[in-house]
Amino acid sequence: MGALKRFLRRWVLRFYTRWRRSIQLRVVTSTLLISTVVVAILGVFLMEQITTALLNGKEKSALLQLEEGMGILERELSPANVSEVTLNDVTNQLKARSGPSGLYEVYVRDTRDEYRDGYTTNDVLAESVPERLRRQVREDPVGTQHSTYSEIVYIGRESVPGLVVGAGDGRYELYYLFPLTQEQQTLTTVGNTLLAVSVVLLVLLAAIASVVTRQVVIPVRLAAQAAERLAAGRLEERMKVRGEDDLARLAASFNDMAGNLQEKIVELEELSQVQRQFVSDVSHELRTPLTTIRIAADMLYAHREQFSDPAVGRSAELLQSQLERFEALLADLLEISRHDAGAATLDAESVDVRDLVLRAVGDTEGLAERKGSKLVLQLPGEPCMAEVDRRRVERILRNLLVNAIEHGEGKDIVVSVAADRDAVAMAVRDHGVGLKPGQAQQVFERFWRADPARARTTGGTGLGLAIAKEDAQLHGGWLQAWGEPGKGSQFRLSLPRVAGAELRGSPLPLVPPEIDLPRASFGGRTAPDAPDSQPSATDPAPESPVPKPRSGAQDPQPAPVPADARADEDAGAAGAEAGVGETGGPAGDGEPRPQGAQPAREDGR
């Protein structure tokens, strides 16, 4: 029974799937159902008409036969012949008139005979005449004819349906019983014929509907296939135009659209290629004059104390700082052009990501001190090995740290590292100005600023986070951002442990654990490279003890974020993923740093 239910469920599911996907099936099925209802109604109506006409004709013939029989009965049983002719003789005489086929049976009854209930022919029982009909014959005027349908009952034989007609002359009652066997066979034959014709008609209608629908569906399917191939990048795809009807106009319009689309896409690709080539060429061409200017600026900067005018020395310092920023901008432009051209390569090696974090923190500690921020590390005690490009990951971390320092408003910046079986993650948390709703999707755009009126105080180029995003995607990882006004922001880098592996989750939550807000308020979104839903760290983080201090450290580092904190992960992050953007302004409400967290040491590299 269970197997039958599973079979029926699969069959129904398969039919439902095909029903939803096939216009032809829906049209043919609808046509078949409507035609079945119409044919059934017409068939019932025709059967009713044929049956009524057949029985009415039979009844008229029977009444004429009864009228003739009453005349014979009155003549034969008149007072002049009553002594010579008996009632039984008259009955047999009337029966003989039905012919050899026996079209009817006769029942004659003398109402004055108290000892005998009349005479019948061919072993027909008198009970075949309903009492209702007898009463009508007795009570109505002499000669009135009556009819009804009843079962004709025989002695020793099966009863058959029949038509019974009767009349009386006051003393005698005459009844004719007409078997309807022939009429019943006729109606059965007619009914079977109508049923067969209806089935054939329904099959023909379904075939016609299928053929007609196919003429419309096939061009539509071809158009859908052509659109899919066009969407897959085959811009030369076109439809065949046949005839001059509506479908032909559809094909012609589709071809025109595809041609225009191909022209625009080719034009945009050429413009994009020209733009990338221009950026690359300009960046390279600027290298030579910049090198010369750099040499001159270095000489001026080295002798700035020897100038008699202090303004000249100050100008040399400004020239030096702006040249450094210009060189950084050129380097970033070259790097982003490599990503745009698809020329960026990954030099992966197995490294401990904790070392990369320590190197990036060491490179930015001086800037943090000048801004009044402390860098707090939360590193696990066990090595977090992963196959990554050391240079690119360090650059990502430096960009995230510089961004956090610039927007952290002098408050603590927490750097966390965690790993599970398949991935490693690094998060940079600040308590600065935060991100407004929607800005987490813009924060990785090139040259984007949360506040356009705000100057870049750390000398950034506006391309740091855009390059960081490209570097993360080159690893097959995610770079995501979360932020709330007044609550700070957090940037999370998630990378697979093995180069080329698919990333399915992150060991760290995107939303900081201390943010106690309902999930619904975050409206999480997915990273561009992530699956359909926002990735969350569903795999438990490995249990690790409180780590011992690394070389040169005086205080133990706090343990990594507990695995249960991941439940508050990205599922609802209003800061959504880092899909496309740049500089994000962190946010801040002066959240105290987690217990046990210690500032990074100067020698912690």
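These numbers come from a predicted model, not from an experiment.

**A closer look at the nonpolar core**
One finds Val357, Val393, Val424, Met426 and Leu493 to be the most contacted residues of the largest nonpolar core, which totals 42 residues. If one sorts the elements of this core by residue count, helix H8 (residues 353–371) sits on top with eight residues. Among the nonpolar cores identified, the runner-up in size contains 20 residues, and Met70, Leu77, Leu87 and Tyr172 belong to it.

**A look at the sheet that holds strand E1 (residues 105–110)**
Read across the sheet, five strands follow the order E2-E1-E5-E4-E3 without closing on themselves; strand pairing throughout is antiparallel. Here the strands that pair on one side only, and so sit at the sheet edges, are strand E2 (119–120) and strand E3 (146–152). By the bridge criterion, seven bridges tie strand E4 (residues 160–168) to strand E5 (residues 172–179) in an arrangement that is antiparallel. Each residue of the ladder has a partner; that of valine 165, found in E5, is tyrosine 176. The strands that helix H2 (residues 23–76) touches are E1, E3, E4 and E5; relative to E5, the one it contacts most, it runs at about 145°.

**Details of the confidence of the model for the chain**
Per-residue pLDDT for the chain averages 78, and the proportion of residues at 70 or more is 81%. Ignoring residues within four places in sequence, the model shows residues 518–605, a span with pLDDT below 50, making 279 contacts including any to other chains.

**Side note on the environment of glutamate 67**
By the secondary structure assignment, glutamate 67 is in helix H2. For glutamate 67, a relative accessible area of 52% translates into the label exposed. Taking the C-alpha atoms as reference points, glutamate 67 and glycine 143, separated by 76 residues in sequence, lie 8.5 Å from one another.

**Some words on unusual backbone geometry**
You will see that asparagine 122, though not glycine, has its phi angle at about 55°, which is positive. Inspection of the secondary structure puts asparagine 122 in the loop between E2 and helix H4 (131–139). Phi angles above zero are rare outside glycine, and aspartate 123 is one such case at about 60°. Topologically, aspartate 123 is positioned in the loop between E2 and H4.

**Some points on a positive patch on the surface**
Together, Lys5, Arg6, Arg9, Arg10 and Arg14 make up a positively charged patch on the protein surface. Residue position: arginine 10 is located in helix H1 (residues 2–21). Arginine 10 gets classed as partly exposed once you look at its relative accessible area, which sits at 44%.

**Concerning the pairing of E1**
Among the six residues that make up E1, six are buried, leaving the element largely enclosed by the rest of the structure. Neither face of E1 is left uncovered, since the one carrying Glu105, Tyr107 and Arg109 and the one carrying Val106, Val108 and Asp110 both have all their residues buried. Here two bridges tie E1 to E2, and the two strands are oriented antiparallel to one another. What sits directly across from tyrosine 107, in E2, is threonine 120.

**Observations concerning the packing of aromatic side chains**
Following the criterion strictly, the structure yields seven aromatic pairs and no others. Ring geometry for tryptophan 11 and phenylalanine 15: centres 5.8 Å apart, planes at 5°, overall stacked. Taken together, the residues span about one helical turn, with tryptophan 11 and phenylalanine 15 both in helix H1 at a distance of four residues. According to the relative accessible area criterion, tryptophan 11 is partly exposed, its value standing at 48%. Classification of phenylalanine 15 as partly exposed rests on a relative accessible area of 36%. Seen in terms of ring centroids, tyrosine 107 and tyrosine 175 are 5.6 Å apart; in terms of plane orientation they differ by 20°. Their pairing is stacked. Taken together, the residues tyrosine 107 in strand E1 and tyrosine 175 in strand E5 connect sequence positions 68 residues apart. In this structure, tyrosine 107 and tyrosine 175 share a single accessibility class: buried. Of the aromatic side chains, those joined through ring pairs into one cluster are Trp11, Phe15 and Trp19. In this structure, arginine 157 is placed above the aromatic ring of tyrosine 154, and the distance from its NZ or CZ to the ring centre is 3.9 Å.

The rules behind the values
Residues numbered from 1 in each chain as written. Predicted model: local features only at pLDDT ≥ 70, side-chain atom pairs only at ≥ 80, totals over all residues. Heavy atoms only, no water. Core = buried A, V, L, I, M, F, W, Y, C linked by side-chain atoms within 4.5 Å. Buried < 20%, exposed > 50% of the residue type's maximum accessible area, 1.4 Å probe, protein only. Helix = DSSP H or I, 4+ residues; strand = E, 2+ residues; numbered from the N terminus. Pairing = 2+ DSSP bridges. Contact = heavy atoms within 4.5 Å. Axes fitted to C-alpha atoms, helices over the stretch in contact; angles between N-to-C directions. pLDDT = per-residue confidence, 0-100. Patch = residues over 30% accessible without salt bridge, like charges linked within 9 Å, V, L, I, M, F, W, Y side chains within 5 Å. Areas by Shrake-Rupley, 256 points an atom, 1.4 Å probe, with all protein chains shown as cover. Salt bridge = Lys/Arg side-chain N within 4 Å of Asp/Glu carboxyl O. Lys, Arg positive; Asp, Glu negative; His and termini not counted. Charge placed at Lys NZ, Arg CZ, Asp CG, Glu CD. Phe/Tyr/Trp six-rings, centres within 6.5 Å; stacked < 30°, edge-to-face > 60°. Lys NZ or Arg CZ within 6 Å of the ring centre and 35° of its normal.

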